[in-house]
Amino acid sequence: MDSNDAYIPLSVPNLKGNELKYVGECIKSEWISSAGSFVTRFENELASYVKAKYSTAVCNGTAALHLALLITGIKPGDEVFVPTLTFIAPVNTIKYVGATPIFIDCDDHLNISPFALSKFIDENCIYKKSCLINRKTGGKISAIIPVHIFGNAVDMEPIMDLAEMYGLKIIEDATESLGTYYTKGRYAARKTGTIGHIGCYSFNGNKIITTGGGGMLVSDNQEYVEKARYLSTQAKDDALHYVHHNIGYNYRMTNIQAALGCAQLEKIDEYIKIKRNNFAIYKKELAGISGLSFINEPEYCFSNFWFYSLMIEKEKFGIDKDNLISCLKNERIESRPIWHLNHMQKPYKNDPRGIILKAKKFFERVINIPCSANLRREDISRVIKSIKEVHTNG
Ligand SMILES: *Cc1c(COP(=O)(O)O)cnc(C)c1O
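Model, not experiment: these values are computed from the prediction.

Asker: How would you summarise the site of the ligand if you had to cite specific residues and measurements?
Answerer: The full set close to the ligand counts 16 residues, and Gly61, Thr62, Glu176, Ser202 and Lys207 are the nearest of them. Asp173 places a polar side-chain atom, nitrogen or oxygen, 2.7 Å from a nitrogen atom of the ligand. Take Glu176: an N or O atom from its side chain is 2.5 Å from an oxygen atom of the ligand. When the free accessible area of the ligand is taken as 380 Å², the share hidden by the protein chains comes to 93%. With respect to the pocket detection grid, the ligand is positioned in the largest pocket. Elements supplying a minimum of two residues to the shell around the ligand: helix 3 (61-71) and helix 4 (89-96). It is helix 3 that contributes the most residues to the shell around the ligand, three residues altogether.

So this is what it looks like as structure tokens:
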């Protein structure tokens, strides 16, 4: 290792556009809290970018998911399908509303598998009095949360068909896939987050665009979005006299966050272009190495390539994923394993699940490698060189 080599982080923000200018406007005008023109502007611009009719800005993606479950009427005791391979946030929000997750396996793009989902329904559920019932628990299944993992679009056609057939609500977790769209089929040209009943986005620091922390809920159903805005601002029924008919939350986005969001959104298509281009470089230069492969974008979508997923097969590559992560760390390069499977996490280990095979295979083999939109060509070359060296020395 050359000790002068700069540290290459996994995913960091890029704030070289109008961020400072817009945040400066907030500060000069002294509109820094949750009222202010940037909040409305960011809501409108994001809705128009994804082509959703209505939107409301919130303090983070998890809050958007929590509100989505509340306003679609998911009740305590209900059950909700969710992938086991995902960041834990959507799973936790199911518990926030007193419901129970049913964990489902993934497909070859790491997304919830429609095949595994319909197999679970066929083998474990009955449909009676317009309700889908889990026979083992007696619980009513009321929703699915498809998560577009690392920017790859979920195969939504069969999922929407199941939802239609069994009256399930679809809450899309599009927190990782802002900008991803379908290129084929029924949803061609539509962006992720606009297919189901509600879509949720996140602008956390490591997401494709960031507001430091932030989220957005979108829908074509005006009632849903108005209800989300009401609940996110403490459920004020008479704001002047402090009258509240419901339990509300303090989930609103601030004007400073929204100012960052407006500046970041101006750059998103540029970031996607860079991320796709950098992925192509990694893929080309690491091609032909035995035991290494990338998770590709599904043939039916144009992915934002938020994160790059590299699969390591120890038998052929020589070392396993954890070893590769520590070798890269020695070279001052950050890489990470994908998430611990949620059906095995302590709070969820007794909750229902289908048969989980693929997710286990990917969990044991896949890592994420540096993918920031401000990676330089020489950074990419250094990551590639380090991986190749591990291979020849391992
Ligand atoms: C980031 C993320 C979230 C949560 O977003 P926050 O803004 O961090 O609350 C939810 N789901 C997935 C899959 C995520 O990656």
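Asker: Mind laying out the sheet that holds strand 15 (residues 366-369), listing which residues take part and the relevant values?
Answerer: On the basis of which strands lie adjacent, the open sheet formed by four strands has the order 11-13-15-14 and antiparallel pairing. Pairing within the sheet leaves two strands with one partner each, and these edge strands are strand 11 (292-294) and strand 14 (336-337). Where strand 13 (residues 308-312) lies against strand 15, four bridges are found, and the strand directions are antiparallel. Within strand 15, the residue paired with Leu310 across the bridge is Ile367. Contacting strand 11, strand 13 and strand 15, helix 9 (residues 268-285) crosses the sheet at an angle of about 20° to strand 13. Contacts from helix 12 (residues 358-365) reach strand 13 and strand 15, with the element oriented near 50° to strand 15.

Asker: Describe the packing of helix 3 against helix 4, and please don't skip the residues or the numbers.
Answerer: At a minimum axis separation of 9 Å, helix 3 and helix 4 run at an interaxial angle of 40°. Between helix 3 and helix 4, the interaxial angle falls into the category oblique. The crossing of helix 3 and helix 4 is right-handed. When helix 3 is examined against helix 4, the residues Thr62, Leu65, His66 and Leu69 are found in contact with a partner set consisting of Ala89, Pro90, Thr93, Ile94 and Tyr96. Across the contact of helix 3 with helix 4, the residue classes tally to six nonpolar, three polar and no charged.

Each value, and the rule that gives it
- Residues numbered from 1 in each chain as written.
- Predicted model: local features only at pLDDT ≥ 70, side-chain atom pairs only at ≥ 80, totals over all residues.
- Heavy atoms only, no water.
- Near = heavy atom within 4 Å.
- Polar contact = N/O pair within 3.5 Å; in protein donor to acceptor, adjacent residues only side chain to side chain.
- Areas by Shrake-Rupley, 256 points an atom, 1.4 Å probe, with all protein chains shown as cover.
- 1 Å grid on protein atoms, 1.4 Å probe; cavity = no way out; pocket = protein on both sides within 12 Å on 5 of 7 lines; lining within 4 Å.
- Sits in = over half its atoms within 2 Å of the grid points.
- Helix = DSSP H or I, 4+ residues; strand = E, 2+ residues; numbered from the N terminus.
- Pairing = 2+ DSSP bridges.
- Contact = heavy atoms within 4.5 Å.
- Axes fitted to C-alpha atoms, helices over the stretch in contact; angles between N-to-C directions.
- Parallel < 35°, antiparallel > 145°, perpendicular 65-115°, else oblique.
- Left-handed = near helix turned anticlockwise from the far one by under 90°.
- Nonpolar A, V, L, I, M, F, W, Y, C, P; charged D, E, K, R; others polar.

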